[in-house]
Structure formats: C-alpha cells, structure tokens
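Each chain is listed here by its residues.
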Amino acid sequence: MMVLQEAGMAELEGLEFGKSDFVLLDEVTMEQFMDNLKLRFEKGRIYTYIGEVVVSVNPYREMDIYGKDTIDAYRGRELYENPPHLYAVSDAAYKAMKRRAKDTCIVISGESGAGKTEASKHIMQYIAAITNPSQKAEVESVKNVLLKSNCVLEAFGNAKTNRNDNSSRFGKYMDINFNFNGDPTGGHINNYLLEKSRVVQQHEGERNFHSFYQLLRGGSEEMLKSCHLHNDPALYLYTREGSAATTSNNDRMNHKAVMSALDAIGFLPEEIRSINQILASILHLGNVSFASDGENIKILGLDSVKHISELTATDPDSVSKSLLFRTVATGGGEVIEKGHTEQDACFGRNAFAKALYERLFGWIVSRINGIIEVKDYNPVLHGKNTVIGVLDIYGFEIFDSNSFEQFCINYCNEKLQQLFIELILQQEQDEYQREGITWQHIDYFNNQIIVGLVEQQHKGIISILDEACLTVGNVTDTVCLESMNTKLAQHPHYTSRKFNPSDKSMDFQKHFRIRHYAGDVTYSVDGFLEKNKDLLFQDFKRLMYNSTNPVLKEMWPDGQLSITEVTKRPLTAATLFKNSIVALVDKLACKEPYYVRCIKPNEMKSPVLFDDARCEHQVAYLGLLENVMVRRAGFAYRQLYARFLQRYKMTCEYTWPNHLMSSDREAVEAIITQHGFHDDVAYGHTKLFVRTPRSLFTLEQERAALLPILVLFLQKVWRGALARLRCRRMRAIYTIMGCYKRYKVKAHFWEVERRFANVRTMADYGRSVQWPTPPAALASFHRITNTLHRRWWARQIVKNIPPSDMLEVRAKVAALTSLSGERKDWGVGRAWERDYLSNVRDCPQTSSGFVRVSRELKNKDGYGQVVFSGFCRKVNRFNKSTDRALLITDQFVYKLEPRKQFKVLKRVPLDLFTGLSVTSGVDQMAVLHTSSHDDVLMCLQPGELCPNQDRVGELVGVLVDHFSRDCPRCFRLAVGRNAARPVCSSQILKPEYQTSGPQPPPCESTPSGPEQPRDLWARLFNVKNLRLLTDAELSAPFRRGRRAVFLTRLFGDLQVGRRRRWVGLMEIWCFH
C-alpha cells in the first residue's frame, strides 16, 4: 500500500500533540490508534481526522475554540490548512455544496453522552456565521429560526439520564436549504421516536423532559397560578423521581431562553400559553388517582380533573368519563360504554399523558417547519436549491435494564453503521475494483446480518412483534419471546436463556440478547407488546378534538372520527419507526456524507479521565481502524474525467478553452502532467483518483486566480455583444422614428390641406376651422402657419372696409390697444362721429354756429381736420366747473365758450400735450397733460344723439391714433390708478409694420420697469408675434419651394404693400 502523504496539519501542530490525522500513523494498529487518541485528549486536542472524517472526544468542559476568531480562521480553508476541527468539516460540506451544487450531509454518531448534541450546535453556528455576508433581512431571519429551534427542541426532547445531563431522547435530522449564492433560504426538521415513556416513568436518578422542570422552576408566579401549579416538582407524580436529581442544567435560566426562542421563532402568545397549559395538564393528569368501589372505580379528588378540564378547554364531565369509561362498538354497530378496572384506568391515564406530550412535541416541530420552509421557490428564477443535512440522533445505548426504546435506538444505530460501511468501506473498495485501480482488499465487519435480524420480513424481530400484536386473544410478552426463540434459534447474533441455560445474566421467559456491532445488549421483553401497540383509547382523541382551544384541536385531527368509523388498525410503533429510519437512510445515501464520530472518554463525566477499555470498545464498534486502513490505501478525491476537465481546464494551456485530444482522459492527463501531479493520481476507466487533498487544493488555488481574468474576458465579450445589440436596436429605432416622423409631418400637411381646402369660399374665411394638433417637429411651423392664416384672414376683412371708415377703425384699434382690460365700456360698439359739435343730430341747436366758427378757425389757423369735438364740463384749479366746448384738431386744441357763439377762450398747440389720463370706471372724466404742466381736467358731456354714450374711449382712440400716426412721439396714457404708460408709434406698431422711411427715435421718456412696451403690447392683445414673417423664419422644417406652394394653396398670394400694417392691426382688432 502507498502511504498517504502528510498534509498540512502536521506542520500546524507539534509532535507533542500527536498525529492530527490517524492516516499519518506509522503503523495502523489499535495500540497506536489509542495512544494517539489518548495523547491528543490529554493535550486538549479533542478533534482528530481520518481523512475527511472527524473523530471527536467529549472534553466534559468548556473550551475556548469556538469563537469568532476561530470561525474566521476556518472560513473558506481546506481541511489540512488548519488543525482538526468541527468547523473544518462543516466548511468542507458547505464548499462541496456550493462548488459542485451537490447536496451534502453531516452525520454525527456515537453513544449517549459522547457530545453529539453539542457538535450539531457548533456546526449550525458555523454555517450561520459564514453565510449571508450581505446581511439580508430574510436570510438572517431564517438563520435565527434555525439556531433558536435547537434551544426549543432541546427543552422538549432532551432529558437528564444517568449517563448524560442533556441526553437527546429523540432523533433529529435537519435539512438546511441554500440558494445559488450559498445563503440559507429555509429548512426542514424531521424527528424520530420520541421516548414518550419517560413522561410517566424514569429510571432512578434520571429526570423527565427538561420542559417540565423549566416550567415549574422558571415560570412566573402569575403563570403558575393560572395553571394551578406550584414550583416544587416533588408535588407531581411524573416529575417526583427527578426532583432531587443533581444536574448541571439551570432550569430557571433555560426557561427564559426557551420563552425568548419561541417568541423569536414566531410562536404567537396564544400558542405559547397553550404549550404551558398542555404541560400543566400532563402534570395534573399524573396526580389523578383511582379507587375501587365494588365493581366500579372512582376518581379520588376531583380538583385535578377540574384543572385538566380548564387547561384543555374541555367539559369536566367529559374528562372524568374518558378516564373511567371506554366506548366500544359491537359487531352489529351498537355503541356501548365499558367501565375500566383500576389497572385499565391507570394505563389509560398514562397513555393519555404520553400521547399529549408526543402530539405537543410533533406540533412544535411542524410549527417550526411551517415558519422556516422555503416559500415561493421557483428553480427557473432562483436557481438550484441545494441542501446540507445535519443528523443528530440518539447514540447506541446499553443500560442495566434495556426495553423497547433501547431496542429501537440500537436498531437505528445499526442502520446508520450500515450506511457508513456501505459508503466509506464497501462502496469505496468496490469502486476501486470497478475502475481497475490496483487495490488490496481490507476486511471489515458488515453488520447487514444484524440489520436483517431486526427488520427482515416475516422473520425479523419487528415482524414477530407485529404479528403478536395482531393476534386475537391474550398474547403476552412471554408468548412473543417464545415465538422469537422459535424463529430465530439459528441466528448467530440472537440468543436467550433458553439457548444458554448457564448464562445467569438472563432470566427465563424475560430476556433475549442481540450481538450488536457495538456489543452485546440484553433486552427485557416486559412491556414490548404494550409499547409496540401504542394503544390510546379513542375517547381521549375525541375529547381533545372537541376542545375549544384551537391549538389543542389542531393536534388531534383523528378525533373527528366517530367510534363506528374507526375500523382500520394503525401501524405499530416499531413499524412506523422502521419506515422512518429506512426513509432517513435513503435520504442520506443520496447526499455526499461527512462524518463526525463522537467518543465518550469515561462514564464519570470527568475532563481528565480517559478510560482506555471503554474508548477502545467504541473505536472498535465504530469501525474507525478499518476506516484508517481504507483511507491510507485509498484516494481523497475522485471525479469523472468530463467533470474534472470542465472544472480545471482553464489551468492548462492545452485544454483551454477546448482541447483537441482524442478523449477527455488524455486532456486530464495533460492537466496533471503540467502541474506535476502524476505521482499523486491514478487513472481509472471513467474517473480520475487524487490521493492527497493538497494536489486538489493547488488546482483550486490556480483556478481561483484565473477566474477573475476569465470573468473579465467574458464580461468584455458579453458587454460588446450587448453594445452591438443595443446599437442595432437604436439604429432600427431611429429609422422607425424617422419614417414615422416623416409620415406624421405629411399626415399633418394632408390634414391641414383637407380642412382648409375651401377656406376662401367660407363666410368666415376659415376662422371656425379647428387646426389639427401638430407633431412636435412641426410645432414652430404650426405657429407660423397659424399666424399667417390670421393675417390673411384679417387682410380679407380689411380690404372690404370702405376708405371712409378707416379713420374710425384706426381709432378703435388704438383705443383697444390702450384700454383693453382697463376700462370695461369704452364705446367700441357704436359709430364714432368725432366731430359731435357739428353733428345736427347730436347738437341740433348749436351745430350751425359751430360749423361757422370751425370754418373760420380753419381758415385762420390752417389746421387740416377735426380730430374730436364735443361739450364738456371743465374743472379749474379752484374746483369750479363751467360748461365748455372742446375742439381738437390736428394742430391745436381749442377751449370754446358755447354760450358766446363758441368764442375761443384758449388755443393750445397739440404738440404741447404730453399725455392723457382717464379712469377705469364709467365716468367721463379725462385729464389732458401739457409739457407746461397746465393740465386740463374735464368731464365729457353726452349730446342728444345718445344720453348714455361713453366718449372717453373715442377721445383716447383718436388722440392715440393721431400721435402714433401723424405725430410719432411719446404720448402718455394713464388709466385708473395705474402709473402712466407711454404710448408711441413703436408701441402701437412694431418696426416691421412701419412703412419705409426714417423711423422715429426711441422714446427717451419711457420709464424703466418690469413691463416694457413689447411686453405691454403682448399683454394687451394676448399675441406674442405680430411681425410679418421672413423667409428665414419660414425655412424650417421644410423647403422654400414646398412652403410657397403650400401657403399659396391655403391663402393665395399675400400682398405686402403699404397696407400690411393695417392687416396686422385688423388681426388684433378682429381677434379681440
């Protein structure tokens, strides 16, 4: 055999601590194995490897090797990089799961008191510590529940035995589900064979389950009072035996921890209260006693019954009836009540107490599973869901008196030992032979014969027990033993006193012995059939199902069946346990196993005593020596050529990215040769075998160094592909957008042309036509076209106005410019006469005289035309008013006396007037301002033409029109309380509307302010642009030729002569 090369552990620990891996022993003998194990135990090194198997010796003391620093030291490291530890095998299982997406499991085995429960807790803590580095809340919640569940399950499933203060009295297998990132997403717990007989009876020096003592000693006074309990366990039959037992457990502190864990997991306050009530009901149930009264029996002291009724939310009479009577269905379908004997009543009471606790424990496990189960899992979205299983199950037990429970427990350990043999010893050697690897066979004990003794169909012990339970009549445990003696007489691993009369350690008709892999165990047949039947009267099931407590009702779904419906005989306890263990072994067999083999150093729980004989016995029956032999001669790692090549091909230039060799084996040989590992490997028919983990670790290191480079390369290629894809998509998008925009532009032109096709023949020249909404590209063109249409429409209106009406139109436009929005009524709806004093209809009595006087003044002063005339009431500086006549010509302003034949009282050149002020109301007040500050305040008087005529607007219009057209200079206008506003030609018409020739200089007297003339114009007429459009402005978004054709088809030839400014004015006028 080739000796396994020393890995790094020997370099990390000195020789004074012995060999850290039993594979490194000089000779594989039991003496050297035990010497090394003892030396490491005495030096405080409780962990030792056998390859990837960890051998753990219970130190019976606290050790400072489980902190955060230790976790960090083992995180992501290979097995041989650090001294042996539970963390190393936990990390190896986690890495195998994460790297190869393969389910793994950690099997913790050993006899009771060897430290299996503590080992499982450390493994769980390590897995929780190394996962979820990003601290996701949902992952942290799952981790918290998984860790807290250990505390709860220990309280309800562990108890003090004579060998162990915290012995697991049930089997636990926990699956932890991980996502593709390696973070836990949920889990599931399976429990096996709770030792419920401990609820009603314990051996001397042992205790009931921890939960009872924690409730009595740790519960608050208020809670105990509500449950009718006292804090002394000696007061209750079921806890009396263990009340005085010494233990290292602090029940008060543990109770607080359990209550906190239940709350953290997610149990509701009502559920926690129900749990305490059920525990209290079991304690009260134990104190129910019976006495015979002739043929009948009665309950002594009904207080306990009342307490049970209150705590279980049932009827007191129903509780008493269930304890004293049993409902039986006859063959004819008749239902009768059969009274119990005192013995039957005690049996029923104890069976009810055991069933209550078993249902409670099962409900707690299922409730935890419901909280931590993987929810909304979709393999397509979330990737492969991988699992790490952790098995913590009761160890092999040999007591002074071994009963049905020890029989089942030891059978379970036989099955697990068989799995270990098959996976570690048998399958490995068979694989070497299959693959053609040179190998010298190693003999080992195969315990399949013992497993067959227990579970074989028709001949096994379980089948014999089931047959006895199904037999009609009075079949006793003794009869069952005789049946086993008859059928198993020739089995080499079965014996009884009948076959060995001289062996006085066994009694006739009571004991039988099985030669287990761990040693000979003598079982007492007393109670085997009763425990196998696991009989519980149906009356108790219906009683609990009818409880008003929803939690309790949920635990007893089978209670809904009536007595006539319950006909099928349930499976026996042994068969149910066998089926669950077979399913467990199948589940473990499909995973990659990692083993922790726990050894108990002594029976005294001493941290310094090492019992050589006891430890040697455990080493022998665990098959550790054979395991060392197989590992020394075997290979640490094996993998199919294709999978090995797929994982490590990037480490060799001849295999990356794809090899050109004739087979995958040749490519793998190229990888091994390049790294110089040819002396450390063997080539099988389909697999590569690597002898030492160091070679594999070297490959992993090189692969890890190359992965970032490959990832960057793949990212570059992928990003380039994505960029090209995006580029093609963008080009396609822009092409589609361009075509669509062109279509929308054409469609807009077509729609405008359709709507305005007959605009010239319409009565309103298309003013009522609704313009279509333009696309964004034609927004500017739409505004320009709309403006052109308005101008064309205004031109059509203006050209139909007679020349005689143009003065009035211009004056009204000027008034609109000045008064719109400032004065409500300014006479826009009537005809403006201007010269009212010469109008016969307005001044019938004085018009002739005024006509004569105005003619004389015209001849004398040579003015061109009358701008405005009318009666007014003048107010002087002394607040005296007199009737006067006002005559405004294009050169002078005359103040006339109407009572003296229109005598001229005052003549003022029109050029001296600088402004006009009017009010915003309906009054006719007006103030003419002069440059000499000799202002004229007057109130215009209506004539007989219309008594309520508003002439202020006409006065404003004619003056503003005159000053803007004939005297282009600044003329201020003030309306109401607003500040004076300058009005000049540049404000009425923009320069584009002016005729050719010299333009007036900008008004220097224009006051600065937030509202400039251009803005004022836009505000007055709600029009932003009144300019005639230039070719440059009409050039976008289409060509000039098409624009001219389009506009001509719409509006015809737009004349741009001397009257174009009036087109703009009429546009304003008509739109307002």
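Residue positions within a chain follow its written sequence, with the count starting from 1. Residue-level local features of this predicted model are given only where pLDDT is at least 70; pairs of side-chain atoms are given and counted only at 80 or more, and the full residue set underlies all totals for whole chains, interfaces and linings. Processing note: side-chain calculations cover all non-hydrogen atoms of the structure and skip hydrogens and water entirely.

Draft legend 1. Layout of the packing of helix α12 (residues 303-312) against helix α13 (residues 316-324). Two elements in contact, α12 and α13, have axes whose closest approach is 8 Å; the angle formed by their N-to-C orientations is 115 degrees. The hand of the α12/α13 crossing is right-handed. Of the residues in α13, those touching α12 at V305, I308 and S309 are P316, V319, S320 and L323. Note on method: axes are straight lines fitted to C-alpha atoms, helices fitted across the in-contact stretch only, with angles between N-to-C directions ranging 0 to 180 degrees. To qualify as a helix, a DSSP run of H or I must reach at least 4 residues; to qualify as a strand, a run of E must reach at least 2; elements of each kind are numbered from the N terminus. For any pair of crossing helices, the crossing counts as left-handed if the nearer helix is rotated counterclockwise from the farther one by less than a right angle, and right-handed if it is rotated clockwise. Here, two residues are considered to be in contact whenever any of their heavy atoms come within 4.5 Å of each other.

Draft legend 2. Geometry of the sheet that holds strand β15 (residues 519-524). For two strands to count as paired, DSSP must find a minimum of two bridges between them. Taken in spatial order, the three strands line up as β13-β14-β15 in an open sheet, and their pairing is antiparallel. The sheet is open, and its two borders are formed by β13 (494-496) and β15, each paired with just one other strand. Between one strand axis and the next, the sheet turns through 25 degrees on average, direction left out of account. Examined bridge by bridge, β13 and strand β14 (residues 511-516) share three bridges and lie antiparallel to one another. Each residue of the ladder has a partner; that of Y494, found in β14, is I514. Packing of helix α19 (residues 477-487) onto the sheet brings it into contact with β13 and β14, and relative to β13 it is tilted by some 130 degrees.

Draft legend 3. Local environment of a nonpolar patch on the surface. Each patch is built from salt-bridge-free residues with over 30% relative accessible area, joining like charges within 9 Å and nonpolar side chains (Val, Leu, Ile, Met, Phe, Trp, Tyr) within 5 Å. Per-residue accessibility takes into account occlusion by the displayed protein chains alone, with areas from the Shrake-Rupley method and a 1.4 Å probe. Salt bridge, as used here, is a side-chain nitrogen of Lys or Arg placed within 4 Å of a carboxyl oxygen of Asp or Glu. A surface patch of nonpolar side chains, about 380 Å² in accessible area, is lined by M730, I733, Y734 and M737. Considering the arrangement of structural elements, one finds M737 in helix α28 (residues 693-755).

Draft legend 4. A look at the packing of helix α4 (residues 86-100) against helix α5 (residues 116-130). Close contact between α4 and α5 brings their axes to 9 Å; oriented N to C, the two are set at 55 degrees. Between α4 and α5, the crossing angle belongs to the class labelled oblique. Crossing hand, α4 versus α5: right-handed. Residues L86, Y87, S90, D91 and Y94 of α4 touch α5, and the partners they reach there are A119, H122, I123, Y126 and I130. Three residue categories are used. Nonpolar comprises Ala, Val, Leu, Ile, Met, Phe, Trp, Tyr, Cys and Pro, charged comprises Asp, Glu, Lys and Arg, and polar comprises the others, including Gly. Grouping the amino acids of the contact of α4 with α5 by side-chain chemistry returns seven nonpolar, two polar and one charged. Every angle not falling under 35 degrees, over 145, or within 65 to 115 is termed oblique; those three ranges are roughly parallel, roughly antiparallel and roughly perpendicular.

Draft legend 5. Structural context of the UniProt feature "binding site: ATP" (unreviewed entry) in the protein chain. UniProt annotation of "binding site: ATP" (unreviewed entry) refers to G110, E111, S112, G113, A114, G115, K116 and T117 when read in the numbering used here. For S112, the location among the structural elements is in the loop between β3 (104-109) and α5. Accessible area is worked out with a 1.4 Å probe on protein chains only. A residue is then buried under 20% of its type maximum, exposed over 50%, and partly exposed in between. You can call S112 buried: its relative accessible area is 4%. S112 has contacts with N164, S167, R169, G395, F396, E397 and K600, leaving out every residue within four places of it along the chain. N or O atoms closer than or at 3.5 Å make up a polar contact, with two conditions inside protein: a donor-capable atom paired with an acceptor-capable one, and, for residues adjacent in sequence, both atoms drawn from side chains. Separated by 3.5 Å, the side chains of S112 and S167 make a polar contact. By the element assignment, A114 lies in the loop between β3 and α5. A residue is classified by how much of its surface remains accessible, and A114, at 1% relative accessible area, is buried. UniProt positions are given in the numbering used here, feature names are shortened, and annotations may be inferred rather than shown by experiment.

Draft legend 6. How the structure looks around the confidence of the model for the protein chain. Per-residue confidence from the predictor is reported as pLDDT, which spans 0 to 100. Residues at a pLDDT of 70 or more form 86% of the protein chain, whose mean pLDDT is 82. For the protein chain, helix α34 (residues 1013-1021) is the element with the lowest average pLDDT, namely 33, and helix α11 (residues 269-286) is the one with the highest, namely 95. Here residues 1-11 is modelled with pLDDT under 50, and outside its nearest four sequence neighbours on either side it reaches 31 contacts, counting other chains as well. Below pLDDT 50 for its whole length, residues 978-1072 participates in 172 contacts with residues either more than four positions away or in separate chains.

Draft legend 7. Quick look at the sheet that holds strand β16 (residues 592-599). Pairing is mixed in the open sheet, where seven strands are placed in the order β1-β2-β16-β3-β12-β6-β7. Two strands lie at the open edges of the sheet, namely β1 (47-50) and β7 (184-192), each paired on one side alone. Sheet twist, expressed as the mean angle between neighbouring strand axes with direction ignored, is 15 degrees. Sheet topology places β3 next to strand β12 (residues 386-392); five bridges connect them, and they run parallel. The partner of I108 across the bridge, within β12, is D392. Set on the sheet, helix α2 (residues 30-42) makes contact with β1, β2 (53-57) and β16; between it and β1 the angle comes to about 150 degrees. Lying on the sheet, helix α25 (residues 624-633) is in contact with β1, β2 and β16; it crosses β1 at an angle near 50 degrees.

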